[in-house]
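Examining the three-dimensional arrangement
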Amino acid sequence: MFKNRKDAGEKLAKALEKYRTEYPIILAIPRGGVEVGLQVAAKLNADLSLIIARKMPFPDNPEAGFGAIARMGACLF
């Protein structure tokens, strides 16, 4: 599928090329998403910003998550 996150970002950027003229803002989540987002932003000449969120884990399995909470209490499911 993808060699690494850089490769994934390059392929995603290619798929999103049609949005270049709409001046997109690329939002990335740390721990994996930043490298992908960086590649997309570079290829589309777009701004890059980070979304800092905290995983909401299942009580019986803290490694699995069912959503996230961002700053100011915004929930992402």
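What comes next concerns the included structure. All values derive from a computational prediction rather than experimental measurement.

Each value, and the rule that gives it
Residues numbered from 1 in each chain as written. Predicted model: local features only at pLDDT ≥ 70, side-chain atom pairs only at ≥ 80, totals over all residues. Heavy atoms only, no water. Phe/Tyr/Trp six-rings, centres within 6.5 Å; stacked < 30°, edge-to-face > 60°. Buried < 20%, exposed > 50% of the residue type's maximum accessible area, 1.4 Å probe, protein only. Pairing = 2+ DSSP bridges. Helix = DSSP H or I, 4+ residues; strand = E, 2+ residues; numbered from the N terminus. Axes fitted to C-alpha atoms, helices over the stretch in contact; angles between N-to-C directions. Parallel < 35°, antiparallel > 145°, perpendicular 65-115°, else oblique. Left-handed = near helix turned anticlockwise from the far one by under 90°. Contact = heavy atoms within 4.5 Å. Nonpolar A, V, L, I, M, F, W, Y, C, P; charged D, E, K, R; others polar. Expected span 1.5 Å × (residues − 1).

**Examining the packing of aromatic side chains**
The relative placement of two aromatic rings is captured by the distance of their centres and the angle of their planes. With the rule as written, the count across this model stands at one aromatic pair. Centroid distance phenylalanine 58 to phenylalanine 66: 5.3 Å. Interplanar angle 45°. Geometry classified as tilted. Phenylalanine 66 gets classed as partly exposed once you look at its relative accessible area, which sits at 37%.

**Focus: the pairing of strand β4 (residues 61-70)**
Pairing of strand β3 (residues 53-58) with β4 involves six bridges; the strand directions are antiparallel. Within β4, the position partnered with methionine 56 by the bridge is glycine 67. Remark: two residues form the turn of the hairpin made by β3 and β4, two consecutive strands paired antiparallel.

**As for the packing of helix α1 (residues 5-15) against helix α2 (residues 33-44)**
The geometry of α1 relative to α2 is characterised by a closest axis approach of 7 Å and an angle of 40° between their N-to-C directions. Classed by the angle they form, the pair α1 and α2 counts as oblique. Viewed along their axes, α1 and α2 form a crossing whose handedness is right-handed. Along its contact with α1, which presents Arg5, Lys6, Ala8, Gly9, Glu10, Leu12 and Ala13, the element α2 presents Glu35, Val36, Gln39, Val40, Lys43 and Leu44. Residue classes in the contact of α1 with α2 are distributed as six nonpolar, two polar and five charged.

**Overview of α2**
Along its 12 residues, α2 runs 16 Å from first to last C-alpha, staying within 8% of the 16 Å computed at 1.5 Å per residue. Among all positions of α2, only Val36, Gly37, Gln39, Val40, Ala41 and Leu44 are buried. On its buried face, α2 is in contact with α1, β1 (25-28) and β2 (47-50). Phi turns positive, to about 55°, at asparagine 45, one or two residues after α2.

**What to know about the environment of alanine 8**
Considering the arrangement of structural elements, one finds alanine 8 in helix α1. Alanine 8 sits 63 residues away from arginine 71 along the chain, and the two C-alpha atoms are 27 Å apart. Leaving out residues up to four positions away in the same chain, alanine 8 has contacts with Phe2 and Val36.

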